[in-house]
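Here is how the chains run, residue by residue.
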Amino acid sequence: MRIKQLSKHLINQIAAGEVIERPASVVKELVENSIDASATKISVEVSNECRNLRIADNGCGIHPDDILRAVSKHATSKIETDEDLFNIATLGFRGEALSSIISIAKVTCTTRPKEFDYGTKVECENSNVKQAKTGCAVGTIMNIENLFYNIPARLKFLKSSKTEFAYIQELMQNLALINPHIAFDVKNDGKVMLKTSGNGDLTQTLKELYSGDIADKMKPVLKTDELSGLKISGLVSTPDYTRSSKKDFHIFINSRTVKCPIFMKSIDTAYKNMLSIGKYPFVVLNLEIAPTEVDVNVHPTKKEVRYKNTNQIFNFIYSAINLALSQSSFKEKEHIQNNNAFRDFQTSSNTQNDDVYVSDTQAPTLNLFNTSESVSYEPVDNVQPVYYNRDKYTPDNSSYVEVEEEQDKIIGQYKNTYILIEKENGLEIIDQHIAEERYIYEKLKAQKEITSQLLIISDILDISMTEAELLKQHKEKLEKFGYGIEFMKDTQIIFKKVPAMLSQTPVKELLTDILENISSDLDGLKEKILIMTSCKSAVKAGERLDMFRMKQIIKNWRTCEFPYTCPHGRPISKIIEHKDIAKFFERNK
């Protein structure tokens, strides 16, 4: 077959295959053009099973002399030279969208810049263009009719109208979140499906798109690094508010929606050991970076990006999220009303503007646990030592230091598993086991070496040859976690020492847990051993506690850096608000 030059119309249709995948692709291209045109109001109307679209804005409009050029191939006002591709500050820049849409739909564009008293109307069909003057408001209106009318094969691959509109709605939710200063209005067959006020408040936009309850579960993120020119801002959910998928990872780079594995990995790492398997946070984050440091010209959809310094980006995002989740204490949560706490994440007083990098430096050693009668915590900086008795849950008045703070009003235990606390706004229920497990886990993680207890007598344990090889391979690692193992024979071992807080746990039970952790996936072995040790040493569910022991658990838990969930990801506390209790008993009438 001889080589032939393709027609301009066919070239445009091929390009449309990459740029225009479905109705949502058309909405994306045109709404992004509206955003680039500095619009403050954008309306999207969908009808005819998502094949008719109307996008209207109050942006700067298109100059009458430029309108024909705008609908032609590779025509754009956003870049001029090759160098501009490496310094892109707008959402669109390829100049392909309008010409691609015109090749697969009937398009009418009505536009007017503010410096003109009249507008321009352009009708496009089969890449043929007609232009005329018309009266209209400042801005641009794009009418798309009978999308894919000349590509029947594409219509066959479209999903149901409900599914296609769901793609459009998801797209508009994303654009509304990153542009809270723009008022969006989305209708489907005349019914309003999405509407935002455009007042510039991200939290308010979140409430308008989802619900008021979600805002109470969000923490502000704001971090800058002037040296590297990085800034990240937005909202992330507390670990006790989760979703079943990563669908609500709303991530942006320079206000552009992206699907970035580095970004997503940073989020996953920040929430590690705080979420249950299969649970994910709700995230709205925008990373601002110099356009020269990121390449958005990777794919026609512009959702893929590449960085010059991947590790720096990962560390910066991870650290910002980690700080946002750790800096808000429960005490602050009790005294600050939710409406004020999330008023404006961009001016949050809890944020800092120092450089952000993940450090591998270990925290100072804290000798927390021992089997002696009374054990002290080593002081760190200006923190006073606190003493408690591990075996007898009564205070030692000679050494116990009472911290001056508001005391929790503990009512008692429920089912010998949950500690009940009367709060000003309701009833707080805390799982005693996982609250102490979180506290022990964080303290162990901060230690360089875990205090061990020597065992004078230990049972001889039989193991298989495979298990013996695993134990030999990880013997030094286990030493760091306080476990000392000695081989009596090739398939027999004894424990010479164990972590002090596990001295009462049967060694056979410890061996089973150790083998289970080291025989599975070795990634994160340190975390697995720490979690196992914390779980084993924490007070058990069903264990009856006296008032002092309950106060001790709650006081320690309140000091946790991440008090929301246990290392396995289970929620630690639940507050049933007084208004809900009163409503049930009909006391609010």
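Refer to the structure printed above.
Residues numbered from 1 in each chain as written. Predicted model: local features only at pLDDT ≥ 70, side-chain atom pairs only at ≥ 80, totals over all residues. Heavy atoms only, no water.

Draft legend 1. Seen up close, the sheet that holds strand E1 (residues 41-47). Taken in spatial order, the eight strands make up an open sheet running E5-E4-E3-E6-E2-E1-E7-E8, and their pairing is mixed. Both edges of this open sheet fall to strand E5 (128-134) and strand E8 (191-195), since each of them pairs with a single strand only. Strand after strand, the sheet turns through a mean of 15 degrees between neighbouring axes, direction not considered. Where strand E4 (residues 119-125) and E5 come together, seven bridges link them in antiparallel fashion. Bridging across to E5, Thr120 finds its partner in Lys133. In the packing of helix H6 (residues 161-178) onto the sheet, the strands contacted are E1, strand E2 (52-57), strand E7 (183-188) and E8, and the crossing angle to E7 comes to about 175 degrees. (Pairing = 2+ DSSP bridges. Helix = DSSP H or I, 4+ residues; strand = E, 2+ residues; numbered from the N terminus. Axes fitted to C-alpha atoms, helices over the stretch in contact; angles between N-to-C directions. Contact = heavy atoms within 4.5 Å.)

Draft legend 2. Spatial organisation of the pairing of strand E23 (residues 484-489). Note: E23 against strand E24 (residues 492-499), five bridges, orientation antiparallel. Across the sheet, residue Phe487 finds its bridge partner in E24, namely Ile493. Where E23 folds back on E24, the antiparallel hairpin that results is connected by two residues.

Draft legend 3. Structural detail: the sheet that holds strand E20 (residues 426-431). Strand order in the open sheet formed by four strands is E18-E19-E20-E25, with antiparallel pairing between adjacent strands. In the strand order of this sheet, the two ends are held by strand E18 (409-414) and strand E25 (573-577), each with one partner. Direction aside, neighbouring strands of the sheet carry axes that sit 25 degrees apart on average. Note that E20 and E25 share five bridges and pair antiparallel. In the strand pairing of E25, Gly426 is matched with Glu577. Most of the contacts of helix H13 (residues 432-446) go to E20, to which it runs at about 70 degrees, and overall it touches E18, strand E19 (418-423) and E20.

Draft legend 4. Focus on the pattern of salt bridges. Scanning the entire structure with this criterion turns up 20 salt bridges. Where Glu125 meets Lys106, a salt bridge forms, and the shortest distance between an N and an O atom there is 3.7 Å. In this pair, Glu125 sits in strand E4 while Lys106 sits in strand E3 (residues 106-112), placing the two residues 19 residues apart along the sequence. When its relative accessible area of 29% is taken as the criterion, Lys106 is described as partly exposed. The shortest N-O distance in the salt bridge between Asp408 and Lys423 comes to 3.5 Å. A residue pair is termed long-range when its members are at least 10 positions apart, and Asp408 in the loop between strand E17 (387-388) and E18 and Lys423 in strand E19 qualify at 15 residues. For the pair shown, Asp408 and Lys423 are each scored as buried. Taken together, the shared-partner salt bridges connect Asp408, Lys423, Glu428 and Arg558 into one network. (Salt bridge = Lys/Arg side-chain N within 4 Å of Asp/Glu carboxyl O. Buried < 20%, exposed > 50% of the residue type's maximum accessible area, 1.4 Å probe, protein only.)

Distances and angles like these do not, on their own, reveal function.
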